[in-house]
Amino acid sequence: MEKKPQNTESTNTSLDSIEINEEVNDTELVISRLKHPVIRRQVIDTLFKIRSEEQAIIQQDSWEPFSFDDSDSASQFDFMKGEKSGKILSVSYLQEVLAQSALTRDEVEEWYEDTLQEIESVTNIDFKNEMPNRGVMHLGWIQPQNNQKPSTKQWSAIEAHEKGHCVREYEALDEIFQKGFDISKATFTAEDYEISQRSGSAGAESVSFEDKKHLFMENLFSASEIAERMSQLKNYFGFSGDEIFTKVHLDYAREHYLCDTGLENGMRQFFEAITPETENEFLRIINNFGI
């Protein structure tokens, strides 16, 4: 069913071309985009840059034994700390990276194709009442905000979100992605706190409101989570290739996304933090980082 946004300001997008994804499987849309040559190139370029820089930082640093328990025993030094970077790495991982030759783009492309094939062909499931993650869809999960199981359409969106995490390993891009937001505008209410307590692990009841708010915002506005929520928006509009996400799409989604999808995985705060001052950067990111 076609739904036309009303705000046409500052965009050349044709309103007649904008449709809402009501029936298409979200995971199929994500896979389709990741196979598109433009999106594929954007993701591989991004991952190659991230991984090459990370490798160079590690290989060019000086490393000293490090212990988390301040022990002087050499047997306790299972970790090493970089003098320049301050990174703390396990001895085994550090040895592995130091022994590697310079990463090539072909290696990233091979990893990309293998990972894409895996997420397209395999979905691990069980029936535990636990929050779904990139490794498994826990079909017994109850949404803490409404005490209901996700609908079939919502499961499609959740699966697509988690499979996207398997490919877009963007943890190093927090500072870049956060430029699309003013995080100070995102609200965390008493109700949000109660919901997060219900969905937390054992011992979560002892976490204070401020600590829970900090953890919530830190996770929500990490580059990896931003990328997958951007992907949710592209799925919402049925994007299957390199379609351009415009201000018209953003304005429409602000008004209708939560009501249409019933997905409240931080999307209210996500929209709150996209301000007139940051929305151009938001649009640049969503269209240039393989979302």
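The structure under discussion appears in the preceding block.
Here's what I pulled together on the structure shown here. Quick caveat: nothing in here was measured; it's all calculated off a predicted structure. (Residues numbered from 1 in each chain as written. Predicted model: local features only at pLDDT ≥ 70, side-chain atom pairs only at ≥ 80, totals over all residues. Heavy atoms only, no water.)

Here's the deal with the packing of aromatic side chains
Under the criterion given, the structure shown has 22 aromatic pairs. Geometrically, the ring pair formed by Tyr-170 and Phe-177 is edge-to-face, given 5.9 Å between the ring centres and 65° between the ring planes. A residue is classified by how much of its surface remains accessible, and Tyr-170, at 0% relative accessible area, is buried. What makes Phe-177 buried here is its relative accessible area of 0%. Taken together, the ring pairs in this structure connect Phe-181, Phe-221, Tyr-236, Phe-237, Phe-239, Phe-245, Tyr-252, Tyr-257, Phe-270, Phe-271 and Phe-282 into an aromatic cluster. One Lys or Arg, Arg-51, reaches over the ring of Trp-111 and ends 4.1 Å from the middle of that ring. (Phe/Tyr/Trp six-rings, centres within 6.5 Å; stacked < 30°, edge-to-face > 60°. Buried < 20%, exposed > 50% of the residue type's maximum accessible area, 1.4 Å probe, protein only. Lys NZ or Arg CZ within 6 Å of the ring centre and 35° of its normal.)

Observations concerning unusual backbone geometry
Positive phi outside glycine occurs at Asn-147, with the angle close to 55°. Summarising the element assignment, Asn-147 is placed in the loop between strand 5 (137-138) and helix 5 (152-167). (Helix = DSSP H or I, 4+ residues; strand = E, 2+ residues; numbered from the N terminus.)

Notes on helix 8 (residues 209-220)
With 12 residues, helix 8 should cover 16 Å at 1.5 Å per step; its first-to-last C-alpha distance of 16 Å lies within 8% of that length. Taken together, the buried positions of helix 8 are occupied by Lys-212, Met-217 and Leu-220. Buried positions in helix 8, seen along its axis, are confined to an arc of 125° and lie on one side of it. Those residues of helix 8 hidden inside the fold are in contact with helix 7 (190-199), helix 9 (223-236) and helix 11 (267-272). (Expected span 1.5 Å × (residues − 1). Arc of directions from axis to C-beta. Contact = heavy atoms within 4.5 Å.)

As for the nonpolar core
Formed by 54 residues in total, the largest nonpolar core has its most connected members in Tyr-170 and Phe-282. Of the residues forming this core, the biggest block, six residues, is contributed by helix 9. If sequence neighbours within four positions are ignored, Phe-282 has contacts with Gly-180, Phe-181, Met-230, Leu-233, Phe-245, Leu-250, Phe-270 and Ile-274. By size, the runner-up hydrophobic cluster in this structure holds six residues, among which are Ile-58, Trp-63, Leu-89 and Leu-94. (Core = buried A, V, L, I, M, F, W, Y, C linked by side-chain atoms within 4.5 Å.)

Observations concerning the packing of helix 4 (residues 105-121) against helix 5
For the pair helix 4 and helix 5, interaxial distance at closest approach is 9 Å and the crossing angle is 160°. As summarised for this structure, helix 4 and helix 5 are arranged roughly antiparallel, according to the angle between their axes. When you trace helix 4 past helix 5, the crossing you get is right-handed. Taken together, the residues of helix 5 that come into contact with helix 4 (itself represented by Trp-111, Tyr-112, Thr-115 and Ile-119) are Lys-163, Cys-166 and Val-167. Partitioned by chemical class, the residues of the contact of helix 4 with helix 5 number five nonpolar, one polar and one charged. (Axes fitted to C-alpha atoms, helices over the stretch in contact; angles between N-to-C directions. Parallel < 35°, antiparallel > 145°, perpendicular 65-115°, else oblique. Left-handed = near helix turned anticlockwise from the far one by under 90°. Nonpolar A, V, L, I, M, F, W, Y, C, P; charged D, E, K, R; others polar.)

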